[in-house]
Amino acid sequence: MSNQAWLERSRAAVWHPCTQMKRHESLPIVPIASAEGVWLTDFDGKRYLDGVSSWWVNLFGHGHPRIKQAIRDQLERVEHVMLAGFTHRPVVELSERLAKLSGLGHAFYGSDGASATEIALKMSFHYWKNSGQPQKTRFVSLENSYHGETVGALAVTDVPLFSSTYADLLKPGLRAPSPDARQAAPGETAADVARRAAQSLANLLAKRGHEIAAVIVEPLVQGAAGMAMHDPVYLTELRRLCDQYQVHLIADEIAVGFGRTGSFFACQQAGVAPDFLCLSKGITGGFLPLSCVLTRDDIYQAFYHDEVARGFLHSHSYTGNALACAAALAVLDIFEDENVLEANRILAEDFTRRMQPLRQRPDVRHFRQRGMIWAFDVETSRTDFALAYFSAMLKRGCLLRPIGKTVYFMPPYTLSGEEMQWLVDASLEALDEVQAGEARTGGDATALP
């Protein structure tokens, strides 16, 4: 069957995520028939370079043989068993290895990033109740934060496009200024911005710390804020403040964990450990849904009691799925055996060098890079920039998905030099085309295409 046939069937049967479906009257859905390495191939044979790792999940390219083999091997043993009252080898081994890597203790599993956020929020809330401080029920998140789209996660998300419609469902959270380095005044460094934001948070905690359960943060990079990057000193100060005011620190490393920022976990660049660590996306290399929350053993102990209601009774049917855990173990093996972090450092230096023509354009602002994430803001009058650029890149065989007027790159870690250059050249051509073109009616620069 052709692209057109699958497109029509999908529009008739599938409600696609993060999408105003009416847009697909003019912007075709791209049906994918196969994928290998960094390439996606549609049913008409056209290839697309996956420059965003399929929503930031695909670390080592599509169809990585070691991850596929781990899933095949696990299929011969057990595909799934409920984790309530049962256990299995992959979930035990994965929990042990993640604890060793993070310095935290017990692992609790879900199926996606928003689930991990919900778990961490509920655990923090419940911990304070179990510990005799039931007044600590509020959560602090950063301006422009994004932590998922379930009800609890939306309460700590500051992206009106996602949260405003559901405001009446949400318990209002508290907001602290973002340490986004783009806010630097003349003469200020990124560290100065981070310290200024930390001082504002300190003022908030001094006034309301008695009612605050936790501060939740995306360490080093706020993704949906347009890849807003901040200095690690913010995390250092945040850890100190949370200790001072007896408030939990929740690190949402759903997008930035597993080497994406240059270290295995982003918090490691500040030399701090959170009270709760949320993981998902790259944990299985993009093969299967899985999320995990790790926490300190003393927090775990606050739930360990004869009274059932003091336990953490949250659950998901596919919690700790054996196939997903096997894939995650293969991901950890690849990191260990192939010295991925050092290879990424070399790759990132090469990609950054190749991007200099983009950086030097007069319409490019705030070019930035952290590990395997690159971003820049585009000065343009086009209100439909995100949609137009997305379309222009698809035409050139590349998948990039701008956030407003921010173009970002989060490719798989297996990108070759030739593929890097392809992506850069296409990005330059697409910018020229979009900047020279006419805006479409009904465009929205804040909306993802």
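Position numbers for residues start from 1 in each chain and track the written sequence from start to end. Confidence filtering applies because this is a predicted model: local features only for residues at pLDDT of at least 70, side-chain atom pairs given and counted only at 80 or more, and all residues used for totals across whole chains, interfaces and linings. Only hydrogens and water are removed before side-chain values are computed, so all heavy atoms of the structure are retained for them.

In the annotation of an unreviewed UniProt entry, the entry for the protein reads Adenosylmethionine-8-amino-7-oxononanoate aminotransferase, and the organism field reads Chromobacterium amazonense. UniProt positions are given in the numbering used here, feature names are shortened, and annotations may be inferred rather than shown by experiment. Entered under Catalytic activity (unreviewed entry) in the UniProt record, the comment concerning the protein runs "(8S)-8-amino-7-oxononanoate + S-adenosyl-L-methionine = S-adenosyl-4-methylsulfanyl-2-oxobutanoate + (7R,8S)-7,8-diammoniononanoate". Quoted verbatim from the Pathway (unreviewed entry) field of the UniProt record, the comment on the protein reads "Cofactor biosynthesis; biotin biosynthesis; 7,8-diaminononanoate from 8-amino-7-oxononanoate (SAM route): step 1/1."

Asker: With reference to specific residues and values, describe the overall build of the protein.
Answerer: Here a strand is any run of E in DSSP of at least two residues, a helix any run of H or I of at least four, and the numbering for each starts at the N terminus. Looking only at helices and strands, one finds 15 helices and 16 strands in the protein. Note on method: radius of gyration uses C-alpha positions; expected globular size equals 2.2 Å times residues raised to 0.38. Its C-alpha radius of gyration of 22 Å places the protein within 12% of the 22 Å reference for a compact globule of 449 residues. C-alpha extents for the protein along the principal axes are approximately 65 × 60 × 45 Å. A burial count over the protein gives 55% of its 449 residues as buried. Only protein chains enter the accessibility calculation, which uses a 1.4 Å probe; a residue whose area is less than 20% of its type maximum is buried, one above 50% is exposed, and one in between is partly exposed.

Asker: Would you mind going over the UniProt feature "binding site: substrate" (unreviewed entry) in the protein in detail, with residue names and values included?
Answerer: In this numbering, the UniProt entry assigns the feature "binding site: substrate" (unreviewed entry) to W55, Y146, K281, S315 and R401. An extended arrangement is adopted by the annotated residues: their sequence extent is 347 residues, and the largest C-alpha distance between any two is 33.0 Å. Structurally, K281 can be placed in the loop between β11 (276-279) and β12 (291-295). For K281, a relative accessible area of 24% gives the class partly exposed. Excluding its chain neighbours within four sequence positions, the residues that come into contact with K281 are W55, W56, V57, I254, A255, G286 and L290. Along the chain, R401 falls in the loop between β15 (398-399) and β16 (406-409). What makes two residues a contact is simply this: any of their non-hydrogen atoms within 4.5 Å.

Asker: If you had to explain the packing of helix α12 (residues 340-354) against helix α15 (residues 417-436) to someone new, which residues and values would you point to?
Answerer: Two elements in contact, α12 and α15, have axes whose closest approach is 10 Å; the angle formed by their N-to-C orientations is 35 degrees. Like other packed secondary-structure pairs, α12 and α15 cross with a definite hand, here right-handed. In this structure, α12 uses L347, D350, F351 and R354 to contact α15, whose residues at the interface are G417, M420, Q421, L423 and V424. Taken together, the residues of the contact of α12 with α15 break down into five nonpolar, two polar and two charged. To obtain an axis, a line is fitted to C-alpha atoms, over the contacting stretch when the element is a helix, and the angle between two such axes runs from 0 to 180 degrees between their N-to-C directions. Whether a crossing is left-handed or right-handed is set by the direction in which the near helix is turned from the far one by less than a right angle, anticlockwise for left-handed and clockwise for right-handed. Charged means Asp, Glu, Lys or Arg here, nonpolar means Ala, Val, Leu, Ile, Met, Phe, Trp, Tyr, Cys or Pro, and polar covers whatever is left, Gly included.

Asker: Before we move on, could you go through a nonpolar patch on the surface and cite the residues and values that matter?
Answerer: Patches in this entry comprise residues that are over 30% relatively accessible and not in a salt bridge; like charges within 9 Å are linked, as are nonpolar side chains (Val, Leu, Ile, Met, Phe, Trp, Tyr) within 5 Å. Note on areas: Shrake-Rupley, 1.4 Å probe, and residue coverage restricted to the protein chains presented here. Whenever a carboxyl oxygen of Asp or Glu lies within 4 Å of a side-chain nitrogen of Lys or Arg, that contact is scored as a salt bridge. A grouping of V151, Y166 and L169 is seen on the molecular surface, where their side chains present a nonpolar patch of about 300 Å² in accessible area. By the secondary structure assignment, L169 is in the loop between α7 (160-163) and β6 (174-176). According to the relative accessible area criterion, L169 is exposed, its value standing at 58%.

Asker: Run through the UniProt feature "binding site: pyridoxal 5'-phosphate" (unreviewed entry) in the protein, naming residues and quoting values.
Answerer: Mapped onto the present numbering, the UniProt feature "binding site: pyridoxal 5'-phosphate" (unreviewed entry) falls on G113, A114, D252, H316 and S317. Of the residues just listed, which span 205 residues, the most distant C-alpha pair is 22.7 Å apart, and they do not cluster in one region. Classification of A114 as buried rests on a relative accessible area of 15%. Each residue touching A114, except ones within four places of it in the same chain, is listed here: H147, G148, E149 and T150. Relative to the helices and strands, S317 resides in the loop between α10 (297-301) and α11 (322-337).

Asker: Lay out the sheet that holds β16 in plain terms, naming residues and giving numbers.
Answerer: By this definition, two strands are paired if DSSP reports at least two bridges between them. The three strands are arranged β13-β14-β16 in an open sheet whose pairing can be described as antiparallel. Of all the strands in the sheet, the pair left with one neighbour each is β13 (364-370) and β16. Shown here is a sheet whose adjacent strand axes are inclined to one another by a mean of 15 degrees, direction ignored. Alignment of strand β14 (residues 373-378) against β16, held across four bridges, turns out to be antiparallel. In the sheet register, A375 faces β16, and the bridge partner there is Y408. The sheet contacts of α15 involve β13, β14 and β16, and relative to β14 the element is tilted by about 15 degrees.

Asker: Pulling in residues and values, what's your account of the domain arrangement of the protein?
Answerer: Under the domain assignment used here, the protein contains domain 1 (3-63 + 340-437) and domain 2 (65-338). Domain 1 and domain 2 are separated by 26 Å when their C-alpha centres are compared. Residue-level contacts link 27 residues of domain 1 with 34 residues of domain 2. When domain 1 packs against domain 2, close to 2500 Å² is buried across both sides, 65% of that on carbon and sulfur atoms. At the boundary of domain 1 and domain 2, one finds one salt bridge. Here D377 and R182 are joined by a salt bridge, their closest N and O atoms 3.1 Å apart. Under the rule applied, a polar contact is a pair of N or O atoms within 3.5 Å (in protein, one hydrogen donor and one hydrogen acceptor; residues adjacent in sequence only if both atoms are side-chain atoms). Run the count over domain 1 and domain 2 and you get 14 residue pairs in polar contact (both at pLDDT 80 or more). No other element matches β13, which puts four residues into the side of domain 1 that touches domain 2. In this document the domain limits rely on a domain assignment from an automatic tool or a database. Summed over both partners, the accessible area (1.4 Å probe) lost when two parts come together is defined as the buried area.

Asker: Explain the environment of Y389 residue by residue, including any values.
Answerer: Along the polypeptide, Y389 turns up in helix α14 (residues 385-395). Through-space distance from the C-alpha of Y389 to that of L431 is 7.1 Å; in sequence the pair is 42 residues apart. Apart from the residues within four sequence positions on either side, Y389 is in contact with L400, P402, V407, S427, A430, L431 and V434.

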